[in-house]
Amino acid sequence: MDTAEQGGYTRRKGGCTVETHALDHIYRTYGADLYRYLFSLAASPQAAEDLMQDTFYKAYVYLDSYDNERIKPWLFKVAYHAFIDWQRKERRSSPYEPAWMEQTAAAGPAAKSAEQEALAREEAQSWFRLLGKLTINKRHAVLLRDHHQLSYQEIADITGLSLASVKINIHRGREELRQLIQQTYGGDYR
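Residues numbered from 1 in each chain as written. Predicted model: local features only at pLDDT ≥ 70, side-chain atom pairs only at ≥ 80, totals over all residues. Heavy atoms only, no water.

A. Examining the pattern of salt bridges more closely. For the structure on display, the rule yields eight salt bridges. For the salt bridge of Arg-178 with Glu-175, the shortest nitrogen-to-oxygen distance reads 2.4 Å. Of the two residues, Arg-178 and Glu-175 both sit in helix α8 (residues 163–185), three residues apart, roughly one turn of that helix. By relative accessible area, Glu-175 is classed as partly exposed at 29%. Among the ionic contacts, a cluster of salt bridges with common partners joins Asp-54, Lys-58, Asp-85 and Arg-88. (Salt bridge = Lys/Arg side-chain N within 4 Å of Asp/Glu carboxyl O. Helix = DSSP H or I, 4+ residues; strand = E, 2+ residues; numbered from the N terminus. Buried < 20%, exposed > 50% of the residue type's maximum accessible area, 1.4 Å probe, protein only.)

And the structure:
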């Protein structure tokens, strides 16, 4: 059988064998980013945890579809599709609440003063609150590009949109954010 080594992950055509430490390494490396991404989409810690479990289960089951790509965009694609499946099952929309940013900011480096942490937390909450007002495609595109620093092509692969649609959604999403920031605070977005 044809086998290939891909960043420490062994894949065999017609099936896959994955060493336990490789999956553990993937989880430790990308778990926090995936959780934050899924939480920002689902707006619920319980749903994000369920989606994380579903994402890593599907990643394990479908590892044979991993085709020499970078692992992070591939995992985000699996997570995105897990979220879409979950959203279809829920058939309801939830208000967007970025409460997890408080936990994320509090878990950051201890070198910041309490005032700096509070300001950073408030800024992040404001950005995510305004981001939540965008349509789902614009929100995904801006979040994946600006917060998770994925390339346009990686975002297109994750969302299933064309490269042109991704660029348009990012541009329009940033413009809407800029307008929302000006209306809300009188300031400007990067």
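B. Spatial organisation of the side chain of Lys-72. Secondary-structure assignment places Lys-72 in helix α3 (residues 71–90). The exposure class of Lys-72 is buried, given its relative accessible area of 17%. Excluding residues that lie within four positions of it along the chain, Lys-72 makes contacts with Tyr-30, Asp-33, His-148 and Leu-150. (Contact = heavy atoms within 4.5 Å.)

C. View of the environment of Gln-153. Here Gln-153 is to be found in helix α7 (residues 152–159). Separated by 80 residues in the primary sequence, Gln-153 and Pro-73 place their C-alpha atoms 9.6 Å from one another.

D. Structural view of the packing of helix α6 (residues 136–147) against α8. It is at 8 Å that the axes of α6 and α8 come closest, and there the two elements cross at 90°. Viewed along their axes, α6 and α8 adopt a mutual orientation that is roughly perpendicular. Here α6 contributes Asn-137, Lys-138, Ala-141, Val-142, Arg-145 and Asp-146 to the contact with α8, which in turn contributes Val-166, Asn-169, Ile-170, Arg-172, Gly-173, Arg-174, Glu-176 and Leu-177. Of the residues contributing to the contact of α6 with α8, the split by class is five nonpolar, three polar and six charged. (Axes fitted to C-alpha atoms, helices over the stretch in contact; angles between N-to-C directions. Parallel < 35°, antiparallel > 145°, perpendicular 65-115°, else oblique. Nonpolar A, V, L, I, M, F, W, Y, C, P; charged D, E, K, R; others polar.)

E. Spotlight on α8. The end-to-end C-alpha separation of α8 is 32 Å, in line with the 33 Å expected for 23 residues at 1.5 Å each. Buried within α8 are the following residues: Val-166, Asn-169, Ile-170, Gly-173, Leu-177, Leu-180 and Ile-181. Tucked inside the fold, the buried residues of α8 contact α5 (114–131), α6 and α7. At the exit of α8 stands Gly-186, carrying a positive phi of roughly 75°. (Expected span 1.5 Å × (residues − 1).)

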